[in-house]
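# Reading the structure
Residue-level listing of the chains:
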Amino acid sequence: MSAIHAARARLPDGWADDVRVQIDGLRIGSVVTGAAAEPNDTRVDVLLPALSNLHSHSFQRAMAGRTEMRRDGHDSFWTWREVMYDFVGRLIPDQIEAIAALTFMEMQEAGYAAVGEFHYLHHAPGGAAYDNPAELSHRIFAAAEETGIGLTHLPVFYHYGGAGQQPLQGGQLRFGCDPDRFAALIDAVRAAPLPEDNVIGLAPHSLRAIAPDDLARVLSLAGDGPVHIHVAEQTREVEEIVAWLGARPVEWLLQNAPVSDRWCAIHATHMTKAETQALAATGAVAGLCPITEANLGDGAFDGPGWLAAGGRFGVGSDSNVRIALGEELRMLEYSQRLRDRSRNLMLTGAGHAGAALYLGAARGGARALGRDAGVIEAGRLADLVAIDSAAPALVGLRGDALVDGLVFAGGDGLVRDVWSAGRHRVHEGRHVARAAIVARYARAVADLSA
Ligand code: NGQ
Ligand code: ZN
């Protein structure tokens, strides 16, 4: 058994000094406050529960910086998607694995212990199956294992190219499965041995990409794993679903699908008040991706309405254009402030906005990924992050104000150590396999530009 000694730690009921956390395999064995450090302890300054990153398309990391020039005078989410489909058409399995490893490593260095990989890239260009139909899922598993990140793998059911059961086109052919092909894919995904804390869920991509009649069968393949879906991200998507199905996307799901606390509604940006209240009441987590939503021009989530309805939330880095945990939470709060011309909005009642964002996203993100984590407590997975409170951005801040500093004042480099289910992979701010992962990524991306 190894142990961490923290000068201060945020426990479920508040801050404590001299906290000794014993790690027993994947889990926290015990938490003792007011304890002296023992000789072999890993000594840290401030210990927090590490966040789960609830939504990622890892391959999109290699597109960062490649989609920011205007082409025809009117760029939007939909023109970005064309660029993405074109990009996806060129990736080979070795590149997909190398990009995923870099992305997961960057997440850990940013302070995330786990990731929900919303994985829709299944087949070879044109849609032909690989010899192993789950080849690309297994590449994601290899990247997760190399980095040690906690993985919740979400194989995606993507059957149609647009609302109203339009055929798949171009880059989308690599995503496509009918329900039988998807069932076989899930079997092949499950055939691989995985680290004990990893989870397999599934994800109907969006209402745009499925037929309503197939939803029940696809959901039956989930077992008791988490279910994620993109919903109400863009206003045009809402309009298309209303025109086709006669209801708004969230409204339709609530009427036609067994939405529950095992579900994560990704984005859920464009909801009416009634949808907001009804979705929150199911216990589903809102999967918010503020940096990507800003980058793609989606709109701003109704945070105060969601929290007032008792809704849970977590954050995801989605397109991975920028992987930065404090910044993700900050963007969420700032999008609320800009719209409402007010301050400190992502909490109910009085308190610290940064701490409420952080601790809320820690619990909500873990729940969305089916991970028994999100708080520092004996018996939970040891998903932990150590912060350096002597950094200039944090000097003089204590308790929840320190977490406010982390969210609103800090840049990169405040994270010192990260444990994913007890696997200590970030030391002194750097991932232990950084050099090899970066070198392989650089080679993979150089090939891409050629
Ligand atoms: C995605 N992006 O799954 O990566 C989507 C676009 C699609 C976001 N939802 C792809 N942010 O709709 O086919
Ligand atoms: Zn997404």
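This text follows the structure it describes.
Cut-offs used in this document
- Residues numbered from 1 in each chain as written.
- Chains lettered and ligands numbered in written order.
- Predicted model: local features only at pLDDT ≥ 70, side-chain atom pairs only at ≥ 80, totals over all residues.
- Heavy atoms only, no water.
- Salt bridge = Lys/Arg side-chain N within 4 Å of Asp/Glu carboxyl O.
- Helix = DSSP H or I, 4+ residues; strand = E, 2+ residues; numbered from the N terminus.
- Buried < 20%, exposed > 50% of the residue type's maximum accessible area, 1.4 Å probe, protein only.
- Contact = heavy atoms within 4.5 Å.
- Donors = N, O, S within 2.8 Å, 3.2 Å for Na, K, Ca; no water.
- Axes fitted to C-alpha atoms, helices over the stretch in contact; angles between N-to-C directions.
- Left-handed = near helix turned anticlockwise from the far one by under 90°.
- Nonpolar A, V, L, I, M, F, W, Y, C, P; charged D, E, K, R; others polar.
- Core = buried A, V, L, I, M, F, W, Y, C linked by side-chain atoms within 4.5 Å.
- Near = heavy atom within 4 Å.
- Polar contact = N/O pair within 3.5 Å; in protein donor to acceptor, adjacent residues only side chain to side chain.
- 1 Å grid on protein atoms, 1.4 Å probe; cavity = no way out; pocket = protein on both sides within 12 Å on 5 of 7 lines; lining within 4 Å.
- Sits in = over half its atoms within 2 Å of the grid points.
- Phe/Tyr/Trp six-rings, centres within 6.5 Å; stacked < 30°, edge-to-face > 60°.

## Details of the pattern of salt bridges
Opposite charge on two side chains allows them to pair when their charged atoms are near. Taken as a whole and judged by the stated rule, the model has 26 salt bridges. For Arg371, the salt bridge identified is with Asp197, shortest N-O distance 3.0 Å. A residue pair is termed long-range when its members are at least 10 positions apart, and Arg371 in the loop between helix H12 (353-368) and strand S14 (384-387) and Asp197 in the loop between helix H4 (179-190) and strand S8 (199-200) qualify at 174 residues. The same class applies to Arg371 as to Asp197, namely buried. Its salt-bridge partner being Glu428, residue Arg416 comes within 2.8 Å of it at the nearest N-O pair. Pair noted here: Arg416 is in strand S15 (residues 415-420) and Glu428 is in the loop between strand S16 (423-427) and strand S17 (430-431), with a separation of twelve residues, a long-range link. Residue classification places Arg416 among the partly exposed residues on the basis of a relative accessible area of 24%. One continuous salt-bridge network, built from bridges that share partners, spans Asp94, Glu97, Glu135, Arg139, Glu146 and Arg440.

## Some thoughts on the environment of Gln234
Mapped onto the secondary structure, Gln234 falls in the loop between strand S10 (227-231) and helix H6 (235-245). When the C-alpha positions of Gln234 and Phe77 are compared, they lie 8.1 Å apart, and in sequence the two are 157 residues distant. If we ignore the near neighbours within four places in the chain, the residues touching Gln234 are Phe77, Trp78, His270, Leu296, Gly297 and Asp298.

## As for the coordination of the zinc ion (ligand 2)
In the first shell of the zinc ion (ligand 2), the protein supplies His55 (NE2), His57 (NE2) and His230 (NE2), at 2.1 to 2.2 Å from the metal. Mapped onto the sequence, the donors of the zinc ion (ligand 2) take the spacing H-x1-H-x172-H. Of this pair, His55 sits in strand S5 (residues 51-56) while His230 is found in strand S10, placing the two residues 175 residues apart along the sequence.

## What to know about the packing of helix H2 (residues 93-110) against helix H3 (residues 135-147)
Any two packed helices are characterised by the angle at which their axes cross and by the distance between the axes. Running from amino to carboxyl end, H2 crosses H3 at an angle of 35°, the nearest separation of the two axes being 8 Å. Seen from above, H2 lies across H3 with right-handed handedness. Between H2 and H3, the contacting residues are Pro93, Asp94, Ile96, Glu97, Ala100, Ala101, Phe104, Met105 and Gln108 on the first element and Glu135, Leu136, Arg139, Ile140, Ala142, Ala143, Ala144, Glu146 and Thr147 on the second. The residue inventory of the contact of H2 with H3, partitioned by class, reads eleven nonpolar, two polar and five charged.

## Structural notes on the nonpolar core
In this structure, Leu253 and Tyr358 are the most contacted members of the largest nonpolar core, which totals 127 residues. Of the residues forming this core, the biggest block, nine residues, is contributed by H2. If sequence neighbours within four positions are ignored, Leu253 has contacts with Leu207, Leu215, Ile229, Val231, Val259 and Trp263. Among the nonpolar cores identified, the runner-up in size contains 16 residues, and Val21, Ile376, Ala382 and Ala386 belong to it.

## Observations concerning the site of ligand 1
Lining the immediate surroundings of ligand 1 are 16 residues, of which Tyr85, Tyr120, Tyr158, Arg208 and Glu233 lie closest. Contacts to ligand 1 include His57, whose side-chain N or O atom sits 3.5 Å from an oxygen atom. A distance of 3.0 Å separates an oxygen atom of ligand 1 from a polar atom in the side chain of Gln60. In this structure, ligand 1 is accommodated by the largest cavity. It is helix H1 (residues 77-88) that contributes the most residues to the shell around ligand 1, five residues altogether. Looking at the shell around ligand 1, its residues break down into seven nonpolar, five polar and four charged.

## Things to note about the packing of aromatic side chains
Each aromatic ring pair is specified by the distance between its two centres and by the angle formed by the two planes. In total, this model carries ten aromatic pairs according to the counting rule given. Ring centres of Tyr120 and Phe175 lie 4.5 Å apart, and the angle between their planes is 65°; on these two criteria the pair is classed as edge-to-face. Of this pair, Tyr120 sits in the loop between strand S6 (112-119) and H3 while Phe175 sits in the loop between strand S7 (150-157) and H4; the two residues are 55 residues apart in sequence, bridging distant segments of the chain. Relative accessible area serves as the criterion here: at 3%, Tyr120 is assigned to the buried category. Relative accessible area serves as the criterion here: at 0%, Phe175 is assigned to the buried category. Here Phe301 and Trp306 contribute two aromatic rings whose centre-to-centre distance is 5.9 Å and whose plane-to-plane angle is 70°, an arrangement assigned as edge-to-face. This pair shows no difference in class: Phe301 is buried, exactly as Trp306 is.

The values are spatial; any link to function lies outside them.
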